[in-house]
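A structural walkthrough
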Amino acid sequence: MINITVIGRDGQKHSLETPTDMGLNLMELCKAYGLPVKGTCGGMALCSTCHTYVLSDHELPEMSADEEDMLDQAFFVEDNSRLGCQIRMTEETDGLEVRLAPEDEEV
Ligand code: FES
C-alpha cells in the first residue's frame, strides 16, 4: 500500500491509501475517495477534469503527446500541471502530494 496526499480545492488535505497492484490512476483514486474529480473522459486524456498540480518532487513518467495537447487547452495550467488520469499508482508514487486544479468553466 502507498499513501498519496491530495489537497482539495478548499485547501483541505486528504491522505489516500491505495494498493499498487490494481493499475489505478490518480483520477480513479480521487473518485474512489469521493473527492470532486469528474474524470469525464474516463481517463483518456481528453477532458482535463482531472487536472492536478504536482507539489512533491517525484520523478513521474514523461507526459504523452495526448496529455500535453490536453493541458495546452486547459485553464489554469502551471509548470507542475499534470492530468491525474495519466499518473499511475506505483511504488514510485508513494508519498506523492498533489493539489486539485480549479475547475474549468462549465461547458
Ligand atoms: Fe479526462 Fe483525465 S479523466 S483527462
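Located above this text is the structure these notes cover.
So, a few notes on the structure that sits alongside this text. (Residues numbered from 1 in each chain as written. Predicted model: local features only at pLDDT ≥ 70, side-chain atom pairs only at ≥ 80, totals over all residues. Heavy atoms only, no water.)

1. Structural notes on helix 2 (residues 65–73)
As a reminder, the rule being used: Three labels apply to residues, based on accessible area from a 1.4 Å probe with only protein chains included: buried if under 20% of the type maximum, exposed if over 50%, partly exposed otherwise in between. Elements are defined by DSSP. Helices are runs of H or I of four residues or more, strands are runs of E of two residues or more, and each kind is numbered from the N terminus. As used here, the arc is the angular range of directions from the helix axis to the C-beta atoms. Whether two residues touch is decided by their heavy atoms; if any such pair falls within 4.5 Å, the residues are in contact.
Those residues of helix 2 that fall on the buried side of the exposure criterion are E67, M70 and L71. Burial along helix 2 is one-sided: seen end-on, the buried residues are contained in an arc of 95 degrees. Turned more than 90 degrees from where helix 2 packs its buried face, A65, D72 and Q73 sit exposed. Looking at the buried positions of helix 2, the neighbouring elements they touch are strand 3 (51–54) and strand 4 (81–83).

2. Considering a negative patch on the surface
Convention followed: Here a patch means residues that are over 30% exposed by relative accessible area and free of salt bridges, tied together within 9 Å if like-charged and within 5 Å if nonpolar (Val, Leu, Ile, Met, Phe, Trp, Tyr). All accessible-area figures derive from a Shrake-Rupley calculation using a 1.4 Å probe, and residue coverage is judged against the displayed protein chains alone. Here, a salt bridge means any Lys or Arg side-chain nitrogen found within 4 Å of an Asp or Glu carboxyl oxygen. The charged-residue count follows a simple rule in which Lys and Arg add positive charge and Asp and Glu add negative charge, with His and chain termini not counted at all. By convention, charge coordinates are those of NZ in Lys, CZ in Arg, CG in Asp, or CD in Glu.
A grouping of D57, E59, E62, D66, E68, D69 and D72 is seen on the molecular surface, where their side chains present a negatively charged patch. With respect to the helices and strands, the residue E62 is situated in the loop between strand 3 and helix 2. By relative accessible area, E62 is classed as exposed at 73%.

3. Regarding the pairing of strand 2 (residues 13–18)
This is how it is decided: The pairing criterion for strands is at least two bridges between them, as found by DSSP.
Here strand 1 (residues 2–7) runs beside strand 2; their pairing, made up of six bridges, is antiparallel. Of the residues in strand 2, the one forming a bridge with N3 is E17. Linking two consecutive strands that pair antiparallel, namely strand 1 and strand 2, is a turn of five residues; a positive phi of about 85 degrees is found at G11 within it.

4. A few points about the pattern of salt bridges
Scanning the model with the defined rule gives three salt bridges in all. Across the pair K13 and E97 runs a salt bridge, and its minimum N-O distance is 3.9 Å. Taken together, the positions of K13 in strand 2 and E97 in strand 5 (residues 97–100) put the pair 84 residues apart, joining distant regions of the chain. Of the charged contacts, one joins R82 and E67 as a salt bridge, the two residues approaching to 2.8 Å between their closest N and O atoms. Placement of the pair is R82 in strand 4 and E67 in helix 2, with a sequence separation of 15 residues. The buried category is assigned to R82, whose relative accessible area is 10%.

5. Some points on the environment of Q12
When you line up the elements, Q12 lands in the loop between strand 1 and strand 2. For Q12, a relative accessible area of 47% gives the class partly exposed. For the pair Q12 and L29, spaced 17 residues apart in sequence, the C-alpha to C-alpha distance is 17 Å. Not counting residues up to four positions away in its chain, the partners in contact with Q12 are V6 and I7.

6. Observations regarding unusual backbone geometry
With phi around 60 degrees, A45 is a residue other than glycine that occupies positive phi space. Relative to the assigned elements, A45 resides in the loop between helix 1 (26–32) and strand 3. Unusually for a residue other than glycine, S48 sits at a positive phi of about 65 degrees. Given a relative accessible area of 5%, S48 falls into the buried group.

7. Brief notes about the sheet that holds strand 3
Put simply, the rule reads: Where helices are involved, their axes are fitted lines through C-alpha atoms of the stretch in contact, as for all axes, and angles between N-to-C directions lie from 0 to 180°.
In space, the five strands of this open sheet follow the order 2-1-5-3-4, with mixed pairing throughout. For this open sheet the edge positions go to strand 2 and strand 4, each flanked by a neighbour on one side alone. Ignoring strand direction, the axes of neighbouring strands in this sheet form an average angle of 35 degrees. Here three bridges tie strand 3 to strand 4, and the two strands are oriented antiparallel to one another. If you follow H51 over to strand 4, its bridge partner there is L83. Each of strand 3 and strand 4 is contacted by helix 2, which is oriented at about 120 degrees to strand 4, the strand it contacts most.

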